[in-house]
Amino acid sequence: MRKTRSIVVFQRVLTSGSVAVLGLSACSGASEPLPDAGRLPASALAAFQDHLQTMSEGDLSCTEAAIEAVPRAVGFVNDDRQPDYALVTQHLRCRSDRGSALAYFCGQQICAFPALMSDGEGYRVIWLMSGNEIETRTDYQETRFVVRQGAYAGADRSAVVVREYIWRDGDLHRVAEREELADRQP
């Protein structure tokens, strides 16, 4: 009887230890390595080209090389294990017959950051984010697009509005917004 009880206790300790190790490895586990930031998947390029044609009614013409050349934020934002991208459009050089190609993406103070979101088979373009710079950040295994926008608040101070977007229910949603004081040079 004593041997049986000690075996059961040992099995419980072993099981508890295994669960703890698995839990810790899930929290600290490194996510999959990000792909080469210099290359977009062909399906992401095709989705962005289609989007450009639709939004500009055929006016914008961007070469694949021009799209590949722009800086981008890369991360596994949704849960399909394919990388997602947000393009920094203020660096996009396209041809437009109606005027500045940049006017399609940027206003006087901010630019739109189109997100190229994977769905496992291809990509779709989502226009939710605008600001001055974008990056991805991972907190507790949840990757977010983080957008910063400078906001002038008078001669005494300026601020930076920071917005965070996550993937939920098949779309990007803003889940956080905060204001940071901008560093001012004398």
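Provided above is the structure to which this section pertains.
Residues numbered from 1 in each chain as written. Predicted model: local features only at pLDDT ≥ 70, side-chain atom pairs only at ≥ 80, totals over all residues. Heavy atoms only, no water.

## Brief notes about the sheet that holds strand 4 (residues 123-131)
Turning to step 1, where the next piece is worked out: Here four strands make up an open sheet; going across it, the order is 1-2-3-4 and the pairing antiparallel. With one partner strand each, in any of the chains shown, strand 1 (72-75) and strand 4 form the two edges of the open sheet. Across the sheet, the axes of successive neighbouring strands diverge by a mean angle of 20°, strand direction being ignored.
Turning to step 2, where the next piece is worked out: Where strand 3 (residues 111-118) meets strand 4, seven bridges bridge the pair, whose relative direction is antiparallel. Paired with Cys111 across the bridge in strand 4 is Gly131.
Turning to step 3, where the next piece is worked out: Each of strand 2 (84-87), strand 3 and strand 4 touches helix 2 (residues 42-55); the most contacted strand, strand 4, lies at about 65° to it. (Pairing = 2+ DSSP bridges. Helix = DSSP H or I, 4+ residues; strand = E, 2+ residues; numbered from the N terminus. Axes fitted to C-alpha atoms, helices over the stretch in contact; angles between N-to-C directions. Contact = heavy atoms within 4.5 Å.)

## Some words on the pairing of strand 1
Turning to step 1, where the next piece is worked out: Judged by which residues are buried, strand 1 turns out to be covered on both faces: Arg72 and Val74 on one side and Ala73 and Gly75 on the other are all buried.
Turning to step 2, where the next piece is worked out: The pairing of strand 1 with strand 2 spans four bridges and is antiparallel. Of the residues in strand 2, the one forming a bridge with Ala73 is Ala86. (Buried < 20%, exposed > 50% of the residue type's maximum accessible area, 1.4 Å probe, protein only.)

## Let's talk about the state of the cysteines
Turning to step 1, where the next piece is worked out: Taken as a whole and judged by the stated rule, the model has two disulfides.
Turning to step 2, where the next piece is worked out: A sulfur-sulfur separation of 1.8 Å characterises the disulfide bridge that pairs Cys62 with Cys94. Disulfide Cys62-Cys94: torsion about the S-S bond near 105°, hence right-handed. A residue pair is termed long-range when its members are at least 10 positions apart, and Cys62 in the loop between helix 2 and helix 3 (64-69) and Cys94 in the loop between strand 2 and strand 3 qualify at 32 residues.
Turning to step 3, where the next piece is worked out: Relative accessible area serves as the criterion here: at 5%, Cys62 is assigned to the buried category.
Turning to step 4, where the next piece is worked out: Take Cys94: its relative accessible area is 17%, and that puts it in the buried class.
Turning to step 5, where the next piece is worked out: Disulfide connectivity for the protein, with bonded cysteines indexed by sequence position, reads 1-2, 3-4. (Disulfide = S-S within 2.5 Å.)

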